Amino acid sequence: MKRDPLILAIETSCDETALALLYPPRTLLRHLVFSQLELHRPYGGVVPELASRAHLERLPLLFSELFAGLEITPEDVTHVAVTRGPGLVNTLLVGIGFAQGFAYPKGLPLLGVNHLLGHLLSPDLISPMVFPSLVFLATGGHTALYYLRRSDSIQLIKATVDDAIGEAFDKVAKLLGLPYPGGPSVEKEARGGDGEAILLPLPKPENPRALSLSGLKTAVRREIQSHSALSPAFIADLCASFQRTIGRMIFSALTSAIETHPETKAVYFVGGVARNEAIRGMLKELEREYGIPVVSPPPEFCTDNAAMIARAGWEGFHKGQSDPWDLQPLSRWEVAPSGI
Ligand code: KG4
Ligand code: ZN
């Protein structure tokens, strides 16, 4: 009897240990994310050796939890998708080893998935994405705008040439002595501030295909240095102004892309930074201006998770693709040719 495909997905590219079970394309049986935030918080960033050990300890526990109380068992899994890159090699290796150990004895197809493709297709977990579309991806390691003619036809429009937006949030938080990770801390402080209070430069590199965050980060540092004491009101205004400037930068990148691609049917904002409600709110203005829906996945699918890896894995599996057993991690792996 032919079984319905059931994908087991594993994500360990950074500091989230995550597993998911998906009947493709979007019936998610369960997905679990164990965040290592507490482990890395004292260091103000991810420590790769600690992260890989924590993935190793946590994966078997999450695996038992994944099937607990479900009617299906590990024997019902038909495909195994695992994040192959980009990410930390030590941590990717743990997930890949786990995937190989599960798939090999059962002779199941194994596919190494691009983590960025997972983020790009994450909105599809909720409802079918419409194409052609523009997808703005902003995470701790990547920031880029893509044009998707279809789910498997991806063109890079713009990308950062220095920091990623999530990284800039994390650095600004550090400068202000706010807790790690910076994104949620800056957003929280910004709620009490005025986004127009401090004038920060809108990053505009000469290369029209480049985004750049370094000038903005320097401007924030100068503002901080020009104050002898950091009052709560100043911190709130600076966070709000920084966040607003980032929102404007994304807005302006999307505006020019919509004008170049007037056939665009939807705009998606994805990745960890897409959890930011203030920026999501600013981008909604595009709906009013251009009549194009602007969509973000729910917060749990913005930050790293395995559900999006399962969904991206289906892109390959449904075409009959799989990888050899000796699959190796890739610390760098573009989802579309760069040339910026
Ligand atoms: O997608 P993600 O979980 O991991 C990567 O693939 O990098 O993104 C993590 C990034 C971190 O830099 C974090 O500070 C940022 O997303 N982030 C936010 C918010 N929540 C998480 N940035 C701005 N506002 C937020 N609310
Ligand atoms: Zn990510």
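The coordinates are above.
Source: prediction; values computed, not measured.

**Some words on the environment of arginine 332**
Part 1 of the reasoning: The residue arginine 332 is located in the segment after α11 (307-317) in this model.
Part 2 of the reasoning: Given a relative accessible area of 73%, arginine 332 falls into the exposed group.
Part 3 of the reasoning: Along the sequence, arginine 332 and leucine 88 sit 244 residues apart, while their C-alpha atoms lie 9.1 Å from each other.

**Some remarks on the pattern of salt bridges**
Pairs may arise between side chains of opposite charge once their charged atoms sit close together.
Part 1 of the reasoning: Here the structure, examined in full by the defined rule, presents 14 salt bridges.
Part 2 of the reasoning: Between glutamate 38 and arginine 41 there is a salt bridge whose closest N-O contact spans 2.6 Å.
Part 3 of the reasoning: A single network of salt bridges, built from pairs that share partners, joins Arg26, Asp124, Arg311 and Glu315.

**Some points on the pairing of strand β7 (residues 143-150)**
Part 1 of the reasoning: Of all the eight residues making up β7, six are buried; the element is thus mostly covered by neighbouring parts of the structure.
Part 2 of the reasoning: When strand β6 (residues 133-138) meets β7, the two strands line up antiparallel, connected through six bridges. Among the inter-strand pairings, valine 135 is bridged to a residue of β7, identified as tyrosine 146.
Part 3 of the reasoning: Hairpin remark: β6 followed by β7, antiparallel, with four residues in the connecting loop.
Part 4 of the reasoning: The pairing of β7 with strand β8 (residues 153-160) spans six bridges and is classified as antiparallel. Each residue of the ladder has a partner; that of leucine 148, found in β8, is isoleucine 154.
Part 5 of the reasoning: Turn length for the β7-β8 hairpin, with the two strands adjacent in sequence and antiparallel, is two residues.

Definitions and cut-offs
Residues numbered from 1 in each chain as written. Chains lettered and ligands numbered in written order. Predicted model: local features only at pLDDT ≥ 70, side-chain atom pairs only at ≥ 80, totals over all residues. Heavy atoms only, no water. Helix = DSSP H or I, 4+ residues; strand = E, 2+ residues; numbered from the N terminus. Buried < 20%, exposed > 50% of the residue type's maximum accessible area, 1.4 Å probe, protein only. Salt bridge = Lys/Arg side-chain N within 4 Å of Asp/Glu carboxyl O. Pairing = 2+ DSSP bridges.

By themselves, these observations are geometric and do not establish any function.
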